[in-house]
Amino acid sequence: MTSVTTAIQLVTREQAQNQRVTTCSSALAEDPWVIDREVQPTYGPGASMADPAPLSSPRQGELPEEYRLATDEELDLRILAAKATLGDRAVILGHFYQRDEVVQYADFIGDSYQLARAATEKTRAEAIIFCGVHFMAETADMLSRPEQAVILPNLAAGCSMADMADIDSVTDCWEDLAELFGTEPDDDGRVPVIPVTYMNSSAALKGFCGRNGGIVCTSSNAAAVLEWAFQRGQRVLFFPDQHLGRNTAKAMGVSVEQMPLWNPRKPLGGNEEATLQDSRVILWHGFCSVHKRFSVDQIDKARADFPGVRVIVHPECPMEVVDAADESGSTDYIRKAIEAAAPGTTFAVGTEINMVNRLASEHPEHTIFCLDPVICPCSTMYRIHPGYLAWVLEALVAGTVLNRITVAESVASPSRVALERMLAVQPRPVQP
Ligand code: SF4
């Protein structure tokens, strides 16, 4: 199957001639260093363009010319040579959503949590090159040995969802809630609010949860984590992804009315006091720009075009999309569901296109396609191009560590508390 990058280049040429085939931005066909030259931090062309990147977002200096001018073949030879020289001293991790041109060099491919675990298992590696986004590299740094360097090949590979909840806004919210509910436990020993952060958040927010009796969750274990939280608290403050929080709590029987949205730009998050008093889950106003593109109309069209199609979506999709799908689950769930299906199954999948196309290539016995007809990858992960990978690998060969991601121990220590609480929670068994 054609890689997403090649498809974008082809489609962009097509777009110039006829308007029928589309990507979410023709600028995706540009090399990422064109975007890295911009003075303002940006998430790059594509799904996240409407969400302004915070001024504090890390910026990537311009890639040296020799890597910008190198052909694909030259970069391939240079990456393979550097990898061979480094041997076990370096491990390359690739996220499911990473483009094929980069993932082909990964020693391990997985979701954010699997990659963080893989980082801890590669104890001989002095350098962990994380081909994902910033929060994932932070988690890998917190879980790896102190002498291991975690490297993000392009510092501008952030996550728009993670940036939607910053430590100052969450702290302000927490103080408002403490004023409203107090801090004393009820007769059953449950405190007024338990903070729960999705793995897709900054280390500062994981640390916040560790310090305040809270916990981290992933899309694989969110239900078990919410159960843990409800045993200890009267309600949950869930950030940054409203959709994962809402979809998970709804499946556990919490009514939508008891899940108010907290908009950090409004007093009391834009809520009445009584609404917050009745709440079970307070949802932060965050979302994934990639997954919010999926719609019920796309599902209706897939069902009309492919009778009997199995529609499977990620829980970062809006609630009405999850409700209209046949099933929803994490990237790992989607992968296992496809592996376990009888040959000849047709799947319409609602998650990032690099992953969907890779699954389609790996499973020629099925028909697999992305629900969204517009080619729109995770624009931040897309910032990692083989040129950046060659640059950091060759620097390592020369004894220089570039783009190291480090989390201060004052933040890492409480973050590990929240991560360890998550690890101690037994996930609910989910069979694809
Ligand atoms: S797919 Fe969405 S949540 Fe995942 S890294 Fe990209 S922007 Fe962030």
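Definitions and limits used
Residues numbered from 1 in each chain as written. Predicted model: local features only at pLDDT ≥ 70, side-chain atom pairs only at ≥ 80, totals over all residues. Helix = DSSP H or I, 4+ residues; strand = E, 2+ residues; numbered from the N terminus. Buried ≥ 20, exposed ≤ 12 C-beta atoms within 10 Å, placed from the backbone. Contact = placed C-beta atoms within 7 Å. Pairing = 2+ DSSP bridges. Axes fitted to C-alpha atoms, helices over the stretch in contact; angles between N-to-C directions. Parallel < 35°, antiparallel > 145°, perpendicular 65-115°, else oblique. Left-handed = near helix turned anticlockwise from the far one by under 90°. Nonpolar A, V, L, I, M, F, W, Y, C, P; charged D, E, K, R; others polar. Near = placed C-beta within 6 Å. Core = buried A, V, L, I, M, F, W, Y, C linked by C-beta atoms within 7 Å. Domains from an automatic or database assignment. UniProt positions renumbered as here; feature names shortened; annotations may be inferred.

Here the focus is the overall build of the protein chain. Across its full length, the protein chain holds 19 helices and 13 strands. Projected onto its principal axes, the C-alpha positions of the protein chain cover 65 × 55 × 40 Å. Out of the 432 residues in the protein chain, the part that is buried amounts to 51%. Taking contacts inside the protein chain between residues at least 6 apart in sequence as the whole, the part at least 24 apart equals 68%.

Read from one edge of the open sheet, five strands run S6-S5-S7-S9-S8, paired in parallel fashion. Pairing within the sheet leaves two strands with one partner each, and these edge strands are strand S6 (215–217) and strand S8 (261–262). Bridge count between strand S5 (residues 191–198) and strand S7 (residues 233–239): six bridges; the pairing is parallel. Considered in S7, the bridge of Thr197 is made with Phe239. Against the sheet, helix H12 (residues 242–251) makes contact with S5, S7, S8 and strand S9 (281–284), and its axis sits at roughly 155° relative to S9, the strand it touches most.

Close contact between helix H10 (residues 203–211) and helix H19 (residues 409–424) brings their axes to 7 Å; oriented N to C, the two are set at 65°. Judged by the angle between their axes, H10 and H19 are roughly perpendicular. The hand of the H10/H19 crossing is left-handed. Residues Ala203, Ala204, Lys206, Gly207, Cys209, Gly210 and Arg211 of H10 form the contact with H19, whose own contacting residues are Val411, Ala412, Pro414, Ser415, Val417, Ala418 and Leu419. Grouping the constituent residues of the contact of H10 with H19 by class yields nine nonpolar, three polar and two charged.

Let us look at the site of the ligand. Around the ligand sit 13 residues in total, of which Cys159, Met161, Cys288, Val290 and Cys378 are the nearest. By residue class, the composition of the shell around the ligand is eight nonpolar, four polar and one charged.

Counting residues in hydrophobic clusters, the biggest one holds 127 residues, and the most contacted among them are Leu93, Ile128, Ile129, Phe130, Val196 and Ile215. Those residues in contact with Phe130 that lie beyond four places of it in its chain are Leu93, Met136, Ala137, Ala140, Val150, Ile151 and Leu152.

Next up on the list: the environment of Lys250. Relative to the helices and strands, Lys250 resides in helix H12. For Lys250, a count of 17 C-beta atoms within 10 Å translates into the label partly exposed. Each C-alpha atom of the pair Lys250 and Asp111 lies 24 Å from the other, and the pair is 139 residues apart in sequence. Among residues more than four places away in sequence, those in contact with Lys250 are Val256 and Met319.

Moving on to the domain arrangement of the protein chain. In many analyses, interface size is given as the accessible surface area lost on bringing the parts together. Here the protein chain is partitioned into domain 1 (31–158 + 380–401), domain 2 (173–287 + 412–424) and domain 3 (291–370). Facing the six residues of domain 1 at the interface are nine residues of domain 2. Listing elements by their share of the side of domain 1 that touches domain 2, those giving two or more residues are helix H6 (112–121) and helix H7 (134–143). With four residues, the single largest contributor to the side of domain 1 that touches domain 2 is H7. Across the side of domain 1 that touches domain 2, the residue classes tally to three nonpolar, two polar and one charged.

Moving on, we come to H7. With nine of ten residues buried, H7 lies mostly within the body of the structure. Residues of H7 that are buried include every one of His134, Phe135, Met136, Ala137, Glu138, Thr139, Ala140, Asp141 and Met142, and no others.

Okay, the packing of helix H11 (residues 222–232) against H12 next. For the pair H11 and H12, interaxial distance at closest approach is 10 Å and the crossing angle is 75°. By the angle class used here, H11 and H12 are roughly perpendicular. On H12, the residues touching Ala222, Ala223 and Leu226 of H11 are Leu244, Thr248, Ala249 and Ala251. Of the residues belonging to the contact of H11 with H12, the class tally is six nonpolar, one polar and no charged.

As a further point, take the UniProt feature "binding site: [4Fe-4S] cluster" (unreviewed entry) in the protein chain. Feature annotation in UniProt assigns "binding site: [4Fe-4S] cluster" (unreviewed entry) to the following positions: Cys159, Cys288 and Cys378. Annotated residues spanning 220 residues; largest pairwise C-alpha distance 9.2 Å, indicating a single compact cluster. Using a count of 24 C-beta atoms within 10 Å as the deciding quantity, one classes Cys159 as buried. Look past the residues within four positions of Cys159 in its chain and what remains in contact with it is Val133, His134, Phe135, Asn200 and Thr380. Note on Cys288: 26 C-beta atoms within 10 Å, which makes it buried. The residues touching Cys288, leaving out its near neighbours within four places in the chain, are Met161, Asp241 and Glu316.

Attention shifts here to H12. Counting buried positions along H12 yields eight of ten residues, so the element is predominantly enclosed. Among the residues of H12, those classed as buried are Gln242, His243, Leu244, Gly245, Arg246, Asn247, Thr248 and Ala249. Of the residues one or two after H12, Gly253 is the one with positive phi, at around 100°.

The alternating pattern of S9 places Val281 and Leu283 and Ile282 and Trp284 on opposite faces, both of which are buried. With three bridges joining them, S7 and S9 adopt parallel strand pairing. When the sheet's bridge partners are listed, Phe238 is paired in S9 with Leu283. Here two bridges tie S8 to S9, and the two strands are oriented parallel to one another.

Before going further, it helps to spend a moment on the sheet that holds strand S10 (residues 310–313). The parallel open sheet is built from four strands, whose spatial order is S11-S10-S12-S13. Either end of the sheet is taken by a strand with one partner, and the two such strands are strand S11 (327–328) and strand S13 (367–370). As judged from the two bridges shared by S10 and S11, these two strands associate in the parallel manner. What sits directly across from Ile312, in S11, is Glu327.

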